[in-house]
Amino acid sequence: MLTGRRQLALVALFEVLVMSLWFSATAVTPQLSSAWGLSSSDAAWLTTSVQLGFVAGALASAMLNLPDRVSVRRLMALSALAGALANAALPLWADGLAWAIPLRFATGVALAGVYPPGIKLIASWFRRGRGLAVGVMVGALALGSGTPHLVNAASALSWQRVMWVSSAMAVVAAGLIWLAARDGPHMAPAAPFRPHYVLTMFHEPRQRLVSFGYFGHMWELYAMYTWLPTYAGASFAAWRAGSESRGGVELTAFAAIGVAGAIGCVLAGAVADRIGRAPTTIVAMAVSGACCLLSAAVYGAHPALVLALLLLWGVAIVADSAQFSTALTEVADPAYVGTAVTAQTAIGFLITVASIRLMPELAGHVGWRWAFVALAAGPALGIPAMAGFARRQAAEPAAAPHDVRAS
């Protein structure tokens with residue numbers, strides 16, 4: 001167990017460092033919009049291009065069964081290094097979206113080799129306590145995703161240097177995982193090439209239902225993460241003219257995305273190991289869905305009230321994320337866990353492209369007060385799917401054992 005905990009700490013640190021690449025450009029969107037004359041719709045491409053790159057990389061990885069046929073440690077390290085290079089190239093080469101979008105797309109492709117293989121690596125160390133272990137890893141991912149906002153708020157760095165700091169963190173992460181990570185005792189042997197497993201998994205009811213629950217969750221998650229600073233800034237300005245500040249908005253984003261998200265993932269992991277994946281995800285989606293609706297009610301209220309709602313939302317919106325992945329590792333074919341998780345995340349992130357692009361268009365018609373209400377559709381669809389998963393689990397207990405401790 002001690003070795004498993006060390007490996008968990010290592011992978012968590014890796015995720016904190018490398019996932020700063022995801023929102024590095026999003027965090028400096030105000031500076032880029034000013035420098036390049038971007039509209040809100042243009043700025044959305046800085047995030048959606050990463051999502052599309054991730055989808056392309058994840059689908060290719062899943063179809064080739066890469067996480068199940070090659071060393072996940074080496075795949076993670078090389079992917080982190082590739083992402084760091086693509087991210088660092090943006091401030092060197094780009095002077096507008098013509099270069100920025102391809103480079104952000106390349107960053108997303110690289111990150112497809114970081115997150116899903118990381119889940120497989122952690123799952124190889126833990127069977128009992130797997131929900132908490134994956135929750136810690138995804139919590140680290142949330143913390144890493146919020147880090148660029150902290151760097152942007154706490155320093156006078158230019159947008160170029162903010163991105164270079166993110167790249168440097170990813171290079172350190174690549175070195176750590178290459179030198180110190182090890183496969184766990186439950187790592188399956190390299191699997192045969194089986195590209196059709198992506199289709200096979202959706203014919204099995206439990207894998208299909210837990211994936212549909214995840215898809216509802218993803219409709220909400222990254223749209224909220226991407227546009228939270230814009231919503232918060234607009235709300236603060238509506239409360240008192242001129243009250244918006246770059247530092248205050250960025251610190252709010254870091255607290256809600258990074259800190260609250262990390263706390264939510266760890267707490268939900270511990271709870272899910274006790275009461276089950278399905279009840280935990282259903283409660284988390286119910287709370288986050290309620291926060292979608294309440295975002296309209298608190299808009300323009302005292303910033304402390306808005307911050308309180310965003311912190312609660314930050315806890316709930318990502319608390320279930322690790323449990324969808326964990327549940328899938330427990331019901332998928334053990335030889336193709338990496339492929340299953342990668343396919344699930346690929347489709348989920350494809351959905352985020354639509355919701356991220358929808359928000360500024362919707363805000364243009366109804367304002368930021370009401371835009372986030374549309375995200376409640378995700379939990380409304382995800383909750384019934386996970387209720388169905390719970391019924392299937394009761395009738396067909398998961399094949400994977402739950403009473404084997406990590407070495």
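Our structure is the block above this text.
To start, this report covers the structure provided alongside it. Keep in mind that this is a model prediction, so the values were computed, not measured.

Considering the packing of helix α4 (residues 40–63) against helix α17 (residues 337–366)
How two helices sit against one another is set out by the angle between their axes and by the gap between those axes.
Argument step 1. Running from amino to carboxyl end, α4 crosses α17 at an angle of 165 degrees, the nearest separation of the two axes being 8 Å. Classified by the interaxial angle, the pair formed by α4 and α17 is roughly antiparallel. In this structure, α4 crosses over α17, and the sense of that crossing is left-handed.
Argument step 2. Classifying every residue of the contact of α4 with α17 gives 15 nonpolar, 10 polar and two charged.

Here we look at the environment of alanine 319
Argument step 1. As for its placement among the helices and strands, alanine 319 is situated in helix α15 (residues 303–319).
Argument step 2. A relative accessible area of 8% means that alanine 319 is categorised as buried.
Argument step 3. Sequence separation between alanine 319 and alanine 262 is 57 residues; the distance between their C-alpha atoms is 8.2 Å.
Argument step 4. Ignoring any residue separated from it by four or fewer positions in sequence, one finds alanine 319 in contact with Gly264, Cys265, Ala268 and Ala284.

Brief notes about the pattern of salt bridges
Argument step 1. Taken as a whole and assessed by the stated rule, the structure comprises six salt bridges.
Argument step 2. Note that arginine 73 is salt-bridged to aspartate 183, the shortest N-O span being 3.4 Å. Of the two residues, arginine 73 sits in helix α6 (residues 72–93) while aspartate 183 sits in the loop between α10 (159–180) and α11 (197–200), which places them 110 residues apart along the sequence.
Argument step 3. Its relative accessible area of 34% is what places aspartate 183 among the partly exposed residues.
Argument step 4. Arginine 277 is paired through a salt bridge with glutamate 330; the nearest N and O atoms lie 2.8 Å apart. In this pair, arginine 277 is assigned in helix α14 (residues 277–298) and glutamate 330 in helix α16 (residues 321–331), connecting sequence segments 53 residues apart. There is no split in this pair, since arginine 277 and glutamate 330 are both buried.
Argument step 5. Through salt bridges with shared partners, a single network forms among Asp273, Arg277 and Glu330.

Section: a nonpolar patch on the surface
Argument step 1. A surface patch of nonpolar side chains, amounting to about 490 Å² of accessible area, comprises Leu92, Trp93, Trp99 and Trp164.
Argument step 2. In this structure, tryptophan 164 sits in helix α10.
Argument step 3. Classification of tryptophan 164 by relative accessible area gives partly exposed; the value is 36%.

Overview of the nonpolar core
Argument step 1. Of all hydrophobic cores here, the largest spans 102 residues; its most connected members are Val18, Trp22, Tyr222, Tyr225, Phe349 and Trp368.
Argument step 2. Among the elements that take part in this core, helix α12 (residues 205–239) stands out by supplying 15 residues, more than any other.
Argument step 3. Dropping the residues within four chain positions of it, tryptophan 22 is found in contact with Val50, Gln51, Phe54, Arg104, Leu111, Tyr222 and Phe349.
Argument step 4. Formed by 16 residues, the second largest nonpolar core is a distinct cluster that contains Ala25, Trp36, Trp159 and Met163.

Some details on the state of the cysteines
Argument step 1. Under the counting rule described, the total for this entry stands at zero disulfides.
Argument step 2. Among the cysteines around cysteine 265, which has no disulfide bond, cysteine 291 carries the closest sulfur, lying 15 Å off.
Argument step 3. Cysteine 291 carries a free sulfur, and the closest cysteine sulfur to it, the one in cysteine 292, is 7.4 Å from it.
Argument step 4. A residue is classified by how much of its surface remains accessible, and cysteine 291, at 1% relative accessible area, is buried.

Each value, and the rule that gives it
- Residues numbered from 1 in each chain as written.
- Predicted model: local features only at pLDDT ≥ 70, side-chain atom pairs only at ≥ 80, totals over all residues.
- Heavy atoms only, no water.
- Axes fitted to C-alpha atoms, helices over the stretch in contact; angles between N-to-C directions.
- Helix = DSSP H or I, 4+ residues; strand = E, 2+ residues; numbered from the N terminus.
- Parallel < 35°, antiparallel > 145°, perpendicular 65-115°, else oblique.
- Left-handed = near helix turned anticlockwise from the far one by under 90°.
- Nonpolar A, V, L, I, M, F, W, Y, C, P; charged D, E, K, R; others polar.
- Buried < 20%, exposed > 50% of the residue type's maximum accessible area, 1.4 Å probe, protein only.
- Contact = heavy atoms within 4.5 Å.
- Salt bridge = Lys/Arg side-chain N within 4 Å of Asp/Glu carboxyl O.
- Patch = residues over 30% accessible without salt bridge, like charges linked within 9 Å, V, L, I, M, F, W, Y side chains within 5 Å.
- Areas by Shrake-Rupley, 256 points an atom, 1.4 Å probe, with all protein chains shown as cover.
- Core = buried A, V, L, I, M, F, W, Y, C linked by side-chain atoms within 4.5 Å.
- Disulfide = S-S within 2.5 Å.

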